[in-house]
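These are the residues of each chain, in order.
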Amino acid sequence: MASSEQSNVVAQKFPGLEGANSIGQQESNQSTFRRNLVARLSRFLRHEWSVAVLYLFLDVVSWIAIYAIVGWFRRDAFYATPFQFFVIDLIQLAVIVQALYFIGGYDRAVEKRTLIYATEHVLTIMAAAAVSAMLIYSAATFDQTMKPSRGVLLLSFMIFLPVSLFYRRWIRKYVVASSANRSFLVIGSGTAATRFYEAYQNSPNGQQLDFVDLSNERVGQPIAGEGSPVVKGNLARKLNDLGEHYSGIILTERADSLGTQLLERLVRAQFQHTRVYTLESFYETHWRYVPLNIVDPVWPLQTGFQLARTSPYHYLKRFFDVVVSAVALIVCAPLFALIALLIRVGEGRPVFFRQERIGRDAKPFIVFKFRTMLLDSNKTDADIYTRKGDPRITAIGSWLRKLRLDELPQLWNVFKGDMSLIGPRAEWTKCAERYEQTIPFYHFRHLVKPGITGWAQVNYPYGESDEDAVEKLQYDLYYIRHYSLKLDAMIVLKTVHTMLFGKGR
């Protein structure tokens, strides 16, 4: 009672103080609400599936809201019935979701805050807009009640592009934050674990690694010398506390050396709350390549390979190669003539460069490119690698290489069937013979046709050594294993990004 009377007296003497306390209390409540919201979001984002679900939900809600609002403001008479609006919206959403799926827009492991992803996102939404317009206007030719509005379609995609990129970057920040206090539990402490640690150190991953020795022989020792994580023991206790401390488990030991009881425990963890990776699956999921040290002679016979001679996509891809290369050869004819004239006037003959390369099933063929180097650059004693600032590259050739225009004549090789638009780089016969003698399983890259662009070309710099050839082979093996429309679409977008920013050599 006294306390209440004192409060009233204080409020009468200092009338502004009560308002200040009220504002302070409101700010405190808002701050508490934000902290609770962030905490709940972080807990939700720890689940492997949560990010994809959240991105998909926001894409659907954002697109429906944007398209409806823009149509309403412009008084669009695009649809005659609500059902027609639903069908059109569904078509556009399907195209958008499929396009973003191609570039990893729903993949938790893909970093969304980089310039490279932003460029791919922009290109993807532009492509989705073009495909959506084609589908909708094609449908409108058969249904006269539909009156497509180019303005509504274009404006909706222009608004959706920055909005969808913004919340991906924003959510990615919380994905990283939710994983910051958790580590990867690495089971094993042998040579494979050491090599994995060294590769992890050179990767963009920022989470800590917690190594556990099954036999307790290396407990207390650093995994890879001074400064590296110390190997620990007591695996059972760590498996009991997975959810709060570990975002995943990585197996560096062979499955047959783990024991039945441990394997059953790991299977339960995989299906309940924590992702379990083999070395191969971790490399492929997070780094998108296949490490050579886990490849063996029967590697292509494993399950999960999309590549097969009877695959429908194999024939669809060949059809696509023929159509696109034929159209491109016709459309680019004036550009061909201009480049040929520049080379002829500036550097003399020959305009084209011809060289024997290795194709599918190790069959040789002659590749055609615009000449970008001085004559006699392929003598026996010449360096087989083209290096940065190479004096053999001509002035015109330097620009052609940066813009990848020197590759255009290879469209003829694609049309003939020697190459595909997308695939591993077609290596010079001399290089291929050398690599097959020094690099294990190099011959696996000949399981598919070489391409003008490919997964290795867009993910790894131009090779200048045998070590670079090994690194690029690991990306080629990833392409062979995941041979699909999705991966080819990602390569096309990354190639456009490379051409726009002039990263060729």
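Residues numbered from 1 in each chain as written. Predicted model: local features only at pLDDT ≥ 70, side-chain atom pairs only at ≥ 80, totals over all residues. Heavy atoms only, no water.

Structural notes on the side chain of D59
Now for step 1: Assignment of secondary structure puts D59 in helix α3 (residues 50-73).
Now for step 2: A distance of 2.6 Å separates the side chain of D59 from the side chain of Y106, its partner in a polar contact. (Helix = DSSP H or I, 4+ residues; strand = E, 2+ residues; numbered from the N terminus. Polar contact = N/O pair within 3.5 Å; in protein donor to acceptor, adjacent residues only side chain to side chain.)

Some details on the nonpolar core
As a rule of thumb, nonpolar side chains are buried together in soluble globular proteins.
Now for step 1: Formed by 68 residues in total, the largest nonpolar core has its most connected members in F196, W455 and L477.
Now for step 2: Take this core: its biggest share by element is 7 residues, from helix α18 (residues 466-481).
Now for step 3: Setting aside residues up to four positions removed in sequence, F196 forms contacts with V186, L209, I250, L279, F282, Y283 and W287.
Now for step 4: Of all hydrophobic cores here, the second largest spans 35 residues; its members include I88, L93, V95 and Y167. (Core = buried A, V, L, I, M, F, W, Y, C linked by side-chain atoms within 4.5 Å. Buried < 20%, exposed > 50% of the residue type's maximum accessible area, 1.4 Å probe, protein only. Contact = heavy atoms within 4.5 Å.)

Considerations on the side chain of T453
Now for step 1: With respect to the helices and strands, the residue T453 is situated in strand β8 (residues 451-453).
Now for step 2: Since its relative accessible area comes to 9%, T453 is described here as buried.
Now for step 3: Not counting residues up to four positions away in its chain, the partners in contact with T453 are L421, I422, G423, V458, I491 and T495.

With respect to the pairing of strand β5 (residues 352-358)
Now for step 1: Pairing of β5 with strand β6 (residues 364-370) involves 7 bridges; the strand directions are antiparallel. Residue pairing in the sheet places R357 in a bridge with F365 of β6.
Now for step 2: In this structure, the hairpin formed by β5 and β6 is closed by a connection of 5 residues, where D361 is found at a positive phi of approximately 60°. (Pairing = 2+ DSSP bridges.)

Regarding the packing of aromatic side chains
Now for step 1: Applying the stated criterion to the full structure yields 28 aromatic pairs.
Now for step 2: One aromatic cluster is present, formed by F184, F196, Y200, Y277, F282, Y283, W287, Y289, Y460 and Y475 through successive ring pairs.
Now for step 3: Taking NZ or CZ as reference, K112 lies 5.8 Å from the ring centre of Y117, over its face.
Now for step 4: A cation over a ring is seen here: K486 above Y101, with NZ or CZ 4.2 Å from the ring centre. (Phe/Tyr/Trp six-rings, centres within 6.5 Å; stacked < 30°, edge-to-face > 60°. Lys NZ or Arg CZ within 6 Å of the ring centre and 35° of its normal.)

Looking at the environment of A269
Now for step 1: Assignment of secondary structure puts A269 in helix α10 (residues 260-272).
Now for step 2: Here A269 falls in the buried class, since its relative accessible area comes to 6%.
Now for step 3: With 21 residues separating them along the chain, A269 and G248 place their C-alpha atoms 9.5 Å apart.

With respect to the environment of D210
Now for step 1: Among the secondary structure elements, D210 is positioned in strand β2 (residues 209-212).
Now for step 2: Between the C-alpha atoms of D210 and I187, which are 23 residues apart in sequence, the distance is 8.4 Å.
Now for step 3: Aside from chain neighbours lying at most four places away, what touches D210 is F184, L185, V186, K232, K238 and Y246.

Looking at the sheet that holds strand β1 (residues 183-187)
Now for step 1: Within the open sheet, the 4 strands sit side by side as β2-β1-β3-β4. Their pairing is parallel. Single-partner strands in this sheet number two, and they are β2 and β4 (275-278). Strand-to-strand twist of the sheet, defined as the mean angle between neighbouring strand axes without regard to direction, takes the value 25°.
Now for step 2: Sheet topology note: the β1/β2 ladder contains 4 bridges and is parallel. (Axes fitted to C-alpha atoms, helices over the stretch in contact; angles between N-to-C directions.)

A closer look at a nonpolar patch on the surface
Now for step 1: A cluster of nonpolar residues, L316, F319, V323, V327, I330 and V331, forms a patch on the protein surface that exposes about 600 Å² of accessible area.
Now for step 2: For V331, the location among the structural elements is in helix α12 (residues 312-331). (Patch = residues over 30% accessible without salt bridge, like charges linked within 9 Å, V, L, I, M, F, W, Y side chains within 5 Å. Areas by Shrake-Rupley, 256 points an atom, 1.4 Å probe, with all protein chains shown as cover. Salt bridge = Lys/Arg side-chain N within 4 Å of Asp/Glu carboxyl O.)

Description of helix α16 (residues 429-438)
Now for step 1: Those residues of α16 that fall on the buried side of the exposure criterion are T429, C431, A432 and Y435. The arc enclosing the buried residues of α16, seen along the axis, measures out at 155°, which places them on a common side.
Now for step 2: In this structure, the buried residues of α16 make contact with β5 and α18. (Arc of directions from axis to C-beta.)

As for unusual backbone geometry
Now for step 1: Phi at N234 takes a positive value of approximately 60°, unusual for a residue other than glycine.
Now for step 2: Position of N234 relative to the elements: it lies in the loop between β2 and α8 (235-239).
Now for step 3: Non-glycine residue F441 carries a positive phi angle of around 60°.
Now for step 4: Within the fold, F441 resides in the loop between α16 and β8.

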